[in-house]
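# Inside the fold
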Amino acid sequence: MTRCPPHTTDTVTLDAAQPDLPPDEAAEATPRIEAIQRLKARRNAVILAHNYMAPAIYRHVADITGDSLALARRAAESDADVIVMAGVHFMAETAKLLNPERPVLMPDTNAGCSLAESITPADVRALRAQYPGVPVVTYVNTSAAVKAETDVCCTSGNAETVVEALDSDRVIFLPDRFLAAHVAGRVSKEVIRWEGRCEVHDRFTGPQIRGYRAAFDDLTVLAHPECPPDVLAEADCVGSTAQMIDYVHRERPVRALMVTECSMSDNVAAEARDTEFLRPCTLCPHMKRITLDNIEAALTNMEPTVEVDPAVAEGARAAVDRMLAIGR
Ligand code: 13P
Ligand code: SF4
């Protein structure tokens, strides 16, 4: 297993003219897409879309697409009047932390994340009491209230870099136990873990991936580090969603299996036409709460917006800013 090469660009260039929607879906989606484009212009809004968004959103209404790190960076740089987060709640909170003066619209505020729900601020305080003086690194897949209790954030794209940058030979890494184990195998420090899991990546198994390998001898396996260790051991490349996409665009494998949320294969397949994608479909139910309909409604009504409790905003922003200063 190798690490996917460092991610080189924050966004993938999309060709919106590709006929990537099935005809019945296109007929239904087209008026929604056109309405959203009009609303975006009227509101001077930017739509940030995570790589797991469905193709109709990712390829037809998004202005910026990317992994969690790219979305955080681009949210910080945005000069739009309104930000729409086509992603899950922690991503909208991060955008709001970095843009406190601008409305951040979240088309469905119930779009959560099993990792973010696995840990509370009280849990972090208890860990600090158990391991005094040990710095706490928290994956961005956490609430702002949890981020506020920690020293620095990281994403799946920069976790090793952030851990290595800390002046300590032990770190507490929260909340994903599999990402923590993956990082622990690649850094020179002791990594203290939490038991959080992603309900989507947790479902993949080593035997499942070995079954695909046995069926296709020209298969390239790309896996997200939230997968269990026996899945990562089977991968040719382990990286963030953006790092996986970069790998496909750069290496143009004949046949690829992206061991992650399945809309991503649809999105990449629409661009990388000479690669055949195998698609075991595991949808993130939280990401899939975001639809063309609720994006249009959010831009029409200018709600719901995401707010961050002022009592935690400063601490959470500092943890995100420290990550952005360290880089990838
Ligand atoms: P990325 O930062 O790699 O896009 O991952 C976010 C996520 O939620 C993966 O499940
Ligand atoms: Fe959270 Fe997993 Fe969904 Fe990503 S795929 S948002 S980590 S539940």
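This structure is a prediction, so every number in the text was calculated from the model and none was measured.

Within this model, the largest pocket holds a volume of roughly 310 Å³. Lining the largest pocket we find 15 residues, and of these E25, E28, A56, T291 and L292 sit closest to its centre. Counting only elements with at least two residues in the lining of the largest pocket, the list comes to helix 1 (23-43), helix 2 (55-60) and helix 13 (292-301). For the lining of the largest pocket, the leading source of residues is helix 1, giving 5 residues. A class-by-class count of the residues in the lining of the largest pocket yields 8 nonpolar, 1 polar and 6 charged.

Quick look at the packing of helix 4 (residues 89-98) against helix 14 (residues 310-326) now. Running from amino to carboxyl end, helix 4 crosses helix 14 at an angle of 90°, the nearest separation of the two axes being 10 Å. The angle between helix 4 and helix 14 places the two elements in the roughly perpendicular class. Facing T94, L97 and L98 of helix 4, the residues of helix 14 in contact are A313, A316, R317, V320, D321 and L324. Considered class by class, the residues forming the contact of helix 4 with helix 14 number 6 nonpolar, 1 polar and 2 charged.

Quick look at the environment of V306 now. With respect to the helices, strands and loops of the structure, V306 is situated in the loop between helix 13 and helix 14. Sequence separation of V306 and C262 is 44 residues, and the distance between their C-alpha atoms is 27 Å. Excluding anything up to four places from it in sequence, V306 contacts H89, A92, E93, K96, V104 and M106.

This part takes up the site of ligand 1. Residues in close proximity to ligand 1 include H50, Y52, D67, S68, Y139, N141, S156, H201, H224, E226, S240 and T241, which together make up its full environment. With respect to ligand 1, the side chain of Y52 contributes an N or O atom lying 3.3 Å from an oxygen atom. In this structure, an oxygen atom belonging to ligand 1 sits 2.9 Å away from a side-chain N or O atom of E226. Alone, ligand 1 offers 300 Å² of accessible surface; in the complex the protein occludes 96% of this. Among the cavities detected, the one that contains ligand 1 is the largest cavity.

Considering all chains together, one arrives at 20 salt bridges under this definition. Among the salt bridges present, the one from E271 reaches R59, with a minimum N-O distance of 2.7 Å. In this pair, E271 is assigned in the loop between helix 12 (263-269) and strand 13 (276-278) and R59 in helix 2, connecting sequence segments 212 residues apart. In terms of burial, E271 and R59 fall into one category: buried. A salt bridge links D108 to R289; the shortest N-O distance between them is 3.0 Å. Here D108 is found in the loop between strand 5 (104-105) and helix 5 (121-130), whereas its partner R289 is found in the loop between strand 13 and helix 13, with 181 residues between them in sequence. With a relative accessible area of 16%, D108 lands in the buried category.

A few words on the side chain of T241. Mapped onto the elements, T241 comes out in helix 11 (residues 241-251). When its relative accessible area of 2% is taken as the criterion, T241 is described as buried. Among the polar contacts made by the side chain of T241, one reaches the side chain of N51 at a distance of 2.9 Å. Setting aside anything within four residues of it in sequence, one finds T241 in contact with H50, N51, Y52, D67, H224, T260 and M264.

Counting buried positions over the 11 residues of helix 11 gives 8, a clear majority of the element. Those residues of helix 11 lying buried are T241, A242, Q243, M244, I245, D246, Y247 and V248. Of the residues flanking the end of helix 11, it is R252, one or two places downstream, whose phi is positive at about 45°.

Analysis parameters
Residues numbered from 1 in each chain as written. Chains lettered and ligands numbered in written order. Predicted model: local features only at pLDDT ≥ 70, side-chain atom pairs only at ≥ 80, totals over all residues. Heavy atoms only, no water. 1 Å grid on protein atoms, 1.4 Å probe; cavity = no way out; pocket = protein on both sides within 12 Å on 5 of 7 lines; lining within 4 Å. Points joined across faces, edges and corners; volume = space filled by probe spheres on them. Helix = DSSP H or I, 4+ residues; strand = E, 2+ residues; numbered from the N terminus. Nonpolar A, V, L, I, M, F, W, Y, C, P; charged D, E, K, R; others polar. Axes fitted to C-alpha atoms, helices over the stretch in contact; angles between N-to-C directions. Parallel < 35°, antiparallel > 145°, perpendicular 65-115°, else oblique. Contact = heavy atoms within 4.5 Å. Near = heavy atom within 4 Å. Polar contact = N/O pair within 3.5 Å; in protein donor to acceptor, adjacent residues only side chain to side chain. Areas by Shrake-Rupley, 256 points an atom, 1.4 Å probe, with all protein chains shown as cover. Sits in = over half its atoms within 2 Å of the grid points. Salt bridge = Lys/Arg side-chain N within 4 Å of Asp/Glu carboxyl O. Buried < 20%, exposed > 50% of the residue type's maximum accessible area, 1.4 Å probe, protein only.

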